[in-house]
Amino acid sequence: TGRIHSPSTARRGPRAEPQPYGERMSIPAIGESAPSFTLPGMVVRRGVRSDDEYDLSAEIGRTVVLAFYPGDATAVCTAQLCSYQAELDEFTDLGATVWGISPQALDSHEEFARGSSLAFPLLSDTAGSVIRAYGVQAPGIGLRRSVFVIGPDGVLRWRHIGLVGLRFPKAETIREQIELLVS
């Protein structure tokens, strides 16, 4: 499944190239290899929380949607991730997996997932290393709401970087981008 099943290590934090706090790397360009990473994450399915480590490089062969969002259980983040949850079956039918990424800890993610009935993995980037690797760090708000579609070959195929924290791409737009990869 592309995940390293190790609940005891899932709480250790991200393993990405360390960057000095506040240093922002550039946003990866369409056609570039997506920055690889491993982050702890959790998913709630049928009422049970499962913690794992999620390794992007282990997902080669399937499309991955990375949805960076600023905060658990905030109004816009809830609307965004709930809209993706509503399309989750269609994403899955197209061979894509969805991962939400934010700087909150796993316990916060669990509360958010349960309260919003989210059934896809929420990854915790408390150190901000993956947020910086994707160039979406934003002073004051932590990160810019962003979505990246990574093809089965590990190459970035589509991206949306929010300039203002209130806008996010519709699930239908993301689905259309995934369809282009499988057609």
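Okay, so let's go over this structure. (Residues numbered from 1 in each chain as written. Predicted model: local features only at pLDDT ≥ 70, side-chain atom pairs only at ≥ 80, totals over all residues. Heavy atoms only, no water.)

1. So, unusual backbone geometry
For R46, which is not a glycine, the phi torsion comes out positive at approximately 50°. Mapped onto the elements, R46 comes out in the loop between β2 (38-45) and β3 (48-55). A residue is classified by how much of its surface remains accessible, and R46, at 82% relative accessible area, is exposed. A positive phi angle is found at S117, which is not glycine, with a value near 55°. Considering the arrangement of structural elements, one finds S117 in the loop between α3 (106-116) and β6 (122-124). (Helix = DSSP H or I, 4+ residues; strand = E, 2+ residues; numbered from the N terminus. Buried < 20%, exposed > 50% of the residue type's maximum accessible area, 1.4 Å probe, protein only.)

2. Section: the nonpolar core
For soluble globular proteins, nonpolar side chains are generally found buried alongside one another. Counting residues in each nonpolar core, the largest one holds 24 residues, and the members touching the most others are L81, Y84, F91, F120, L122 and I174. Listed by contribution, the elements that provide at least two residues to this core are β2, β4 (63-68), α1 (75-86), α2 (88-93), β5 (96-102), α3, β9 (146-150) and α5 (171-182). Discounting residues that sit within four places of it in the chain, F91 has contacts with Y84, A96, V98, A171, I174, R175 and I178. (Core = buried A, V, L, I, M, F, W, Y, C linked by side-chain atoms within 4.5 Å. Contact = heavy atoms within 4.5 Å.)

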